[in-house]
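Coordinate inspection notes
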Amino acid sequence: MDRVTTATHCPYCALQCGMSLGAPAADHPGIPVVGGRDFPTNRGGLCKKGWTSAEVLGTPGRVTRPLLRGADGRLAESDWDTVLDLIADRLRASRREHGADSVAVFGGGGLTNEKAYQLGKFARLALGTSRIDYNGRFCMSSAAAAGNRAFGVDRGLPFPVTDLDDADTVLILGSNVAATMPPFVAHLAGVRERGGLIIVDPRRSATAALTDDGAGIHLQPTPGSDLVLLLGLLHLVIAEDLVDHDYLAERTSGWEGVRRSTAPWWPEAVQARTGVPVEQLRAVARRLARGRGTFILTGRGVEQHVDGTDTATAAINLALALGLVGRPGSGYGTMTGQGNGQGGREHGQKCDQLPGYRSISNPAAREHVAAVWGVDAATIPGPGVPAIRLLRELGEPGGVRCLLVHGSNVVVSAPDAAAVRTALERLDLLVVCDFVLSETAALADVVIPVPQWAEEEGTMTSLEGRVLRRRRALDAPDGVRSELWILRELAARLDAPSVWSTEPSVVFDELARASAGGLADYSGLSHELLDTGVAAYWPYPTGSTGTPRLFLDRFAHDDGRARLVPVRARAADDPAQRDGVLTLITGRLLEHYQSGAQTRRVPELQDAQPIARLQIHPATADRLGIADEAPVEISTTRGTVRCVSQLSADIRHDTVFLPFHYAGAESANLLTEGAVDPISGMPEFKRTTVTVRPVGGV
Ligand code: SF4
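A brief structural summary. In this text the structure is predicted, and so the values were computed from the model without any measurement. (Residues numbered from 1 in each chain as written. Predicted model: local features only at pLDDT ≥ 70, side-chain atom pairs only at ≥ 80, totals over all residues.)

As for the overall build of the protein chain
Heads up, the rule is: Strands are runs of DSSP state E lasting at least 2 residues, helices are runs of H or I lasting at least 4, and numbering of each runs from the N terminus. The globule rule is 2.2 Å times the number of residues to the power 0.38, and the radius of gyration it is compared with is taken over C-alpha atoms. Counting other C-beta atoms within 10 Å of its own, a residue is labelled buried from 20 upward, exposed at 12 or fewer, and partly exposed in the gap between, with every C-beta atom placed from the backbone. Each residue is represented by a C-beta atom placed from its backbone, and any two residues with such atoms within 7 Å are regarded as in contact.
Each helix and strand counted, the protein chain has 22 helices and 28 strands in total. Relative to its length of 698 residues, the protein chain is compact, with a C-alpha radius of gyration of 24 Å against a globular reference of 26 Å. Its C-alpha atoms give the protein chain principal-axis dimensions of about 70 × 65 × 60 Å. For the protein chain, with 698 residues in total, the buried portion stands at 58%. Partitioning the contacts of the protein chain with sequence separation of at least 6, the portion at a separation of at least 24 is 71%.

Quick look at helix 19 (residues 504-515)
Rule in force here: Helix span, as expected, comes to 1.5 Å for every residue beyond the first.
Here helix 19 is 12 residues long and its end C-alpha atoms lie 16 Å apart, about the 16 Å a rise of 1.5 Å per residue gives. Where helix 19 is concerned, the buried positions are P504, V507, F508, E510, L511, A512, A514 and S515. Elements that come into contact with the buried residues of helix 19 comprise helix 3 (113-127), helix 14 (363-373), strand 19 (458-461), helix 18 (483-493) and helix 20 (527-530). Positive phi appears at G517, one or two residues downstream of helix 19, with a value of about 85 degrees.

A few points about the sheet that holds strand 9 (residues 197-200)
Paired through backbone hydrogen bonds, the strands of a sheet run either parallel or antiparallel to each other. Going by this rule: A pair of strands is considered paired only if DSSP assigns at least 2 bridges between the two. Inter-axis angles, ranging from 0 to 180 degrees, are taken between N-to-C directions of lines fitted to C-alpha atoms, where helices are fitted over the stretch in contact.
With respect to topology, five strands assemble into an open sheet ordered 10-9-8-12-13, the strand pairing being parallel. Lying at the two open borders of the sheet, with one neighbouring strand each, are strand 10 (216-219) and strand 13 (331-334). Across the sheet, the mean angle from the axis of one strand to that of its neighbour is 10 degrees, orientation sign disregarded. Strand direction decides the pairing type here: strand 8 (residues 169-173) and strand 12 (residues 294-298), joined by five bridges, are parallel. Across the sheet, residue T169 finds its bridge partner in strand 12, namely T294. Of the strands in this sheet, strand 8, strand 12 and strand 13 are in contact with helix 13 (residues 308-321), which crosses strand 12 at around 175 degrees.

What about the pairing of strand 6 (residues 103-107)?
Two faces belong to every sheet, and in a regular strand the side chains alternate between them. Formally: Handedness is read with the strands pointing away from the viewer; a crossover is right-handed when the path from the first strand over the helix to the second is clockwise.
Burial analysis of strand 6 places five of its five residues in the buried class, the great majority of the element. Burial along strand 6 is two-sided: the residues V103, V105 and G107 and A104 and F106 are all buried. Sheet analysis places strand 6 next to strand 16 (residues 402-406), joined by four bridges and oriented parallel. Each residue of the ladder has a partner; that of A104, found in strand 16, is L403. Pairing of strand 6 with strand 7 (residues 132-134) involves three bridges; the strand directions are parallel. Following the sheet pairing, G107 is matched in strand 7 by Y134. As for the winding sense of the linkage, the β-α-β connection from strand 6 through helix 3 to strand 7 is right-handed.

Description of the pairing of strand 16
Along strand 16, five of the five residues are buried, which leaves the element largely enclosed by surrounding structure. The alternating pattern of strand 16 places C402, L404 and H406 and L403 and V405 on opposite faces, both of which are buried. Bridge count between strand 16 and strand 17 (residues 429-434): five bridges; the pairing is parallel. Looking at the pairing, L404 lines up with V431 of strand 17.

Thoughts on the site of the ligand
The condition is simple: The criterion for a residue being near a molecule or strand is simple: its C-beta atom, placed using the backbone, must lie within 6 Å of it. We call Asp, Glu, Lys and Arg charged. Ala, Val, Leu, Ile, Met, Phe, Trp, Tyr, Cys and Pro are nonpolar, and the rest, Gly among them, are polar. In this document the domain limits rely on a domain assignment from an automatic tool or a database.
In the region of the ligand, 14 residues are neighbours, and C10, C13, C17, C47 and G50 sit closest. Its residues assigned to classes, the shell around the ligand shows 10 nonpolar, three polar and one charged. In this structure, the shell around the ligand is formed jointly by two domains, domain 1 (6-58) and domain 3 (141-334), each of which donates at least three residues.

Some points on the packing of helix 7 (residues 226-239) against helix 11 (residues 278-290)
Basically, it comes down to this: Orientation labels follow simple angle bins: below 35 degrees gives roughly parallel, above 145 gives roughly antiparallel, 65 to 115 gives roughly perpendicular, and whatever is left gives oblique. Crossing handedness follows the turn of the near helix against the far one: under a right angle anticlockwise gives a left-handed crossing, and clockwise gives a right-handed one.
Packing of helix 7 against helix 11 leaves a shortest axis separation of 9 Å and a crossing angle of 65 degrees. Relative to helix 11, helix 7 is oriented roughly perpendicular. Relative to helix 11, helix 7 is oriented so that their crossing is right-handed. In contact with G232, L233, L236 and V237 of helix 7, helix 11 contributes L281, R282, V284, A285 and A289. The residue makeup of the contact of helix 7 with helix 11, split by class, is seven nonpolar, one polar and one charged.

Re the packing of helix 7 against helix 10 (residues 267-274)
Geometrically, a packed helix pair is captured by the angle between its two axes and the distance between the axes. Where helix 7 meets helix 10, the closest approach of the two axes is 9 Å, and the angle between their N-to-C directions is 165 degrees. Relative to helix 10, helix 7 is oriented roughly antiparallel. The crossing of helix 7 and helix 10 is left-handed. Between helix 7 and helix 10, the residues in contact are V228, L229, G232 and L236 and P267, V270, R273 and T274, respectively. When grouped by side-chain class, the residues that make up the contact of helix 7 with helix 10 number five nonpolar, two polar and one charged.

What follows is the structure, given as structure tokens:
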């Protein structure tokens, strides 16, 4: 272990808090973690997950040798040559017998930029498959599609987080930042003092509670009615002539169609669909328009729906009508969740993209990237299919037969989890790269042990588009190999063209060249430059100093204008919006991260939240005969979850909430369905019709 303090960033969420890792003391074997005081997004603060992040490094369940499933059905330790030869042989045979698209790759939004880039290149060049996508499809795809449609580019926050410090009004729709990224709340202190924090959430979440005592307004709409709410707010902005007409004329196109699309949404009609009182709607519309420094932010609560892209578009339309976007001191943004949810969607892990956030269907983009890779552009496969379609192809006739999973625990995180498990069990070969035996790794034919965040060099890109250095503080255990090494070894065995470095700084340089001229241009960056601590916001082309704020002069469309896009609300006879029906929304807790594969292994976090609890209103529980802390059963046609009730007046009568961090019989995604947004491929996680009943035991 290096005895020097190492400056790095948290392994978990997209806020990417700065932190320092120290050396263990003789009387304390743990690795000390200190919040990075100089890093502007957290200013020394960390949440529980950050403070305890080093504990996973020494977790007892660590996988430190390749594991191979034997004839007895059990996973047993093997050696690298054996497993790499076996994987290469099976992939080659599958391609030969069933075609290149019979092999697939499923990536993750927690991988470093270097790994995400190399994984996309590996899929296209070494496997020759179009079948690659990643778990960011479950998080950011709707907001990304809306951003690309409106602005021509998608960067979660197109401004630094610190811009929020001086805001007068901040509207947050569907994001519980007080639980998911607590240090972010410090940036809302000013707006709370000014009484301008507006939270939209069906629950009185920890973030909604920040509006108490005159700090703001909490709107508590029916789950899935956010699009109507946003259409109604824009209707009021138009009706009260609060629109910024000069801005619309100078910087946008498409206003007339959007203006007409809001016509049906009188406040009374919006109240009837959303449950939000007319007076609240008027107060919010006026506050948004008249505030000095107004921001609109969306999160998964409004995006993880079959109309998620249109809902994010409606939020963008509202922000554009008010003239907020591209003006210092105001703006629109979306709160990226996973640690490298931003960078993970820029470098080629998505089924339709090449590095630099380029379209894989664009001939010029293909030529550029092919030149960097040293191949003929014609050898790069075309677009594949988004994550849910890819998962549905597993084991099907003519579908995917071999799957490589990197940095994702799909058995817990994907919707309709039981069907996903069944599909994985149908495969000829399942290879999972992970550092613990996650629920998905436990099903694999081969488990590949990889380093954790503090054992590797690399870069991440935060929710504000800032590229950050992740640094090695200690060596990985003997027997563990980096993904870059594994991909090089497999590429060599598969006779792949191009050069496959195992050195992160070299891969980053190649990534930067591949991104040159693209939307997410990293060409002016290097590990060396990032090591100086430069605030590196992309695009950062060669010779520039980066772009902390996007859209100040123009948007990324060819004409430089933002596009307003008319959107329609879903049908009113939606069963989840009828009386007597309970709607399940899933979400996160302060103590856990994503599928919980890491945080369920940290004793402090697991002790604080050891089991899944179903949040349910006391009146609803009373009607159903459910007591507090009592066993309950939640069912859909797809599956049943057994957990414990948590009675709370902080949730609507028609809504229940279940965290999705837990596995087995407590796994929330046993209930969710595979319906997706037709534009983005985002699953519907936040509006599942369920039945709930008391049971005699859990
Ligand atoms: Fe880590 Fe996010 Fe917590 Fe910061 S807020 S310490 S990045 S989990």
